[in-house]
Amino acid sequence: MPYRLSVRDIAFFERPVSFARPFRFGAVTINATPQAFVRVEIEVEGKGTATGASAELLVPKWFDKRPHLAPDETVEALRRSLTIARELYLGRKGFETAFGLHAACIDAQVEACAREDIPPLAAAYGPAEIDKAILDALLRCVGVNFFDGMAGNISGIDARLSRDLNDEEIAGFLAGRQRLERVAIRHTVGLDDRIEGEGGVADAKETAGARYFKLKLNGDPAHDADRLTGIGKELATLPHDYRVSLDANEQYADLTVLGALVERLDRDSALKPIAAKLLYLEQPMPRDVTRQSPLGALAGRNFIIDEADDGYDAFPVARALGYRGISSKSCKGIYKSIVNATRAAKWSAKGEKYFITGEDLTCQAGLGVQQDLALGALIGVTHAERNGHHYVDGFAETPAGEAEAFLSAHPDLYARDGNKIRLAIHDGDLLTGSLTAPGFATSVHPDWSTLSPLARPTTQVLQEQIV
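Residues numbered from 1 in each chain as written. Predicted model: local features only at pLDDT ≥ 70, side-chain atom pairs only at ≥ 80, totals over all residues. Heavy atoms only, no water.

*Asks:* Report on helix α6 (residues 167-175), specifying residues and quantitative values.
*Replies:* Within α6, burial applies to Ile170, Phe173 and Leu174. What you see down the axis of α6 is that its buried residues fit within an arc of 95°, all on one side. Opposite the buried face of α6, at more than 90 degrees from it, the exposed residues are Glu168 and Ala175. Summarising the contacts, the buried residues of α6 are in contact with α5 (146-151), α13 (334-348) and α14 (367-379). The N-cap residue of α6 is Asn166: its side-chain oxygen and the backbone nitrogen of Glu168 are 3.1 Å apart. (Buried < 20%, exposed > 50% of the residue type's maximum accessible area, 1.4 Å probe, protein only. Helix = DSSP H or I, 4+ residues; strand = E, 2+ residues; numbered from the N terminus. Arc of directions from axis to C-beta. Contact = heavy atoms within 4.5 Å. Polar contact = N/O pair within 3.5 Å; in protein donor to acceptor, adjacent residues only side chain to side chain.)

Given below as structure tokens:
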């Protein structure tokens, strides 16, 4: 039986995160942005009270790419998403399951955000972060780790938000999950990242021995083909096999332009080192164009949606358009990821291939990367984009004592490198053993005294390029 709970308090904090190098994706380049932290206090019916936590970057121009908005405005929308969700969650009275609380608030959240011109993807950010912290508190209160708790459906996830499934299918999927002991990293190659030589895509010191690579596209087929040709030459020199995914971050205007890229992949021999190793193409077109554009013959290349995943109906809609997969990101909602993984398993059992992938919006060392990694290890994501280790210098501005606490509690996930503590990557993999402590994948909470209250935007943007 799932536990019932009531939320007593929700508090928000933030801390600046400086990037070790500029990260260019889609239409924006950033070199710093705040990380939001959530702390909740709950009462579990018949069990007592507990505190839980979560963390996620406030990333500009991803949740909302509309060109008329300044990057800082999109960060402020995420802060509003959090504060709107807080009022809704605290407004619920009595005890209910963790998922029941989410389900009771999500529609009102989307509607309230829409009144402030905040789109559904950004609207989901607030509940996503609060839900993670609530789950952490629930698991801590009853002394259960994330994997065992979810196998028993401790949150009470049901099919009320996904009518194409039934309750038994979701519970059965969870009951059959076994933690992946290792999850391979997929190394991000941003649009401004070095390709050749020292620091390039074949430099093991730079890529931490990754066997999977995520290559960003800018939406120009000729430019992207030339760049992929150069990347392919470098990857072909690796002493081990590799696989790649391509991510356009909504930059391909329509099916015609996208078709030109796919034709190059199918016919250009210079692109063979990429095309032959290609797993899937991620979110090529803008989210609004996506829903109006069946892929047709292009679907043979395995496309997935990411930014178009703005609601519980997104995966079934995308499937009808020819998409085979969908991304899992804890910043979009842990419950939606589990529902979509259930769908992929159900649909694949009928003979066609459907899948869920692990993508990263620069999950940082500590709560962010651990909770997202645990989610992927639960639902069967064998390799996941992990770009926090690449774009951020270890724990960045995290106080030394807090970083030391994470290293001590999770020695399989972090390692000392001189005077820095960094993500520990073992032959291209992350280990999940220490994520089995009671709570949501962490034995440690932030040092709350070192955090600032949720504040006005402080995002630093080097340049904005509308492509």
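*Asks:* Account for the pattern of salt bridges, with residues named and values stated.
*Replies:* Going through the model one piece at a time under the given rule, you end up with 48 salt bridges. Notably, a salt bridge pairs Lys132 with Glu129, separated by 3.1 Å at the nearest N-O pair. Note that Lys132 and Glu129 are positioned in helix α4 (residues 125-142) at a spacing of 3 residues, about one turn of the helix. For Glu129, a relative accessible area of 2% gives the class buried. Residues Arg291 and Asp310 are paired through a salt bridge, measuring 3.3 Å at the closest nitrogen-oxygen approach. With Arg291 in the loop between α11 (287-290) and β8 (303-305) and Asp310 in the loop between β8 and α12 (314-321), the pair connects residues that are 19 residues apart, well separated along the chain. (Salt bridge = Lys/Arg side-chain N within 4 Å of Asp/Glu carboxyl O.)

*Asks:* Tell me about the environment of Thr432, residues and numbers included.
*Replies:* By the secondary structure assignment, Thr432 is in the loop between β14 (429-431) and β15 (452-453). Owing to a relative accessible area of 0%, Thr432 belongs among the buried residues under this scheme. The sequence separation of Thr432 and Ala103 amounts to 329 residues, and the corresponding C-alpha distance is 29 Å. Filtering out sequence-adjacent residues up to four positions away, Thr432 remains in contact with Arg179, Leu180, Glu181, Val183, Leu373, Ala377 and Asp412. Polar contacts involving the side chain of Thr432 include one to the main-chain carbonyl oxygen of Leu180, which spans 2.6 Å.

*Asks:* Explain the state of the cysteines to me, and be specific about the residues and the numbers.
*Replies:* The tally for this structure, following the rule as stated, stands at 0 disulfides. Cysteine Cys105 shares no disulfide, and the gap to the nearest cysteine sulfur, in Cys113, comes to 12 Å. Its sulfur unpaired, Cys363 is 6.9 Å from the next cysteine sulfur, which belongs to Cys331. According to the relative accessible area criterion, Cys363 is buried, its value standing at 5%. (Disulfide = S-S within 2.5 Å.)

*Asks:* Summarise the packing of aromatic side chains; cite the residues concerned and give the values.
*Replies:* Applying the stated criterion across every chain, the model contains 15 aromatic pairs. Ring centres of Phe23 and Phe25 lie 4.9 Å apart, and the angle between their planes is 40°; this geometry places the pair in the tilted category. Summarising the burial analysis for this pair, Phe23 and Phe25 share the class buried. Aromatic pair Phe395 and Tyr414: ring centres 5.1 Å apart, planes at 55°, arrangement tilted. With a gap of 19 residues between them, Phe395 in the loop between α15 (388-391) and α16 (400-409) and Tyr414 in strand β12 (residues 414-417) connect regions that are remote in the sequence. Look at Tyr414 and you get buried, because its relative accessible area is 1%. Here the basic side chain of Arg324 rests over the ring of Tyr354, its NZ or CZ set 5.1 Å away from the ring centre. Sitting above the plane of the Phe355 ring, Lys353 keeps its charged end 5.2 Å from the centroid. (Phe/Tyr/Trp six-rings, centres within 6.5 Å; stacked < 30°, edge-to-face > 60°. Lys NZ or Arg CZ within 6 Å of the ring centre and 35° of its normal.)

*Asks:* So what's going on with helix α9 (residues 255-267)? Residues and values would help.
*Replies:* Within an α-helix, residues lying three or four positions from one another point in the same direction, as the helix has 3.6 residues per turn. Taking 1.5 Å of rise per residue, the 13 residues of α9 would be expected to cover 18 Å, and the 18 Å separating its terminal C-alpha atoms lies within 8% of that figure. Regarding α9, the residues found buried are Leu258, Gly259, Leu261, Val262 and Leu265. Looking straight down α9, one finds that the buried residues subtend no more than 160° of arc, so they occupy a single side. Of the exposed residues in α9, those oriented more than 90 degrees away from the buried face are Thr256 and Arg267. Among the structural elements, α8 (221-235), β6 (243-247), α10 (272-275), β7 (278-282) and β8 are those in contact with the buried residues of α9. A side-chain oxygen of the first residue of α9 lies 3.1 Å from the backbone nitrogen of Thr256; this N-cap is Asp254. (Expected span 1.5 Å × (residues − 1).)

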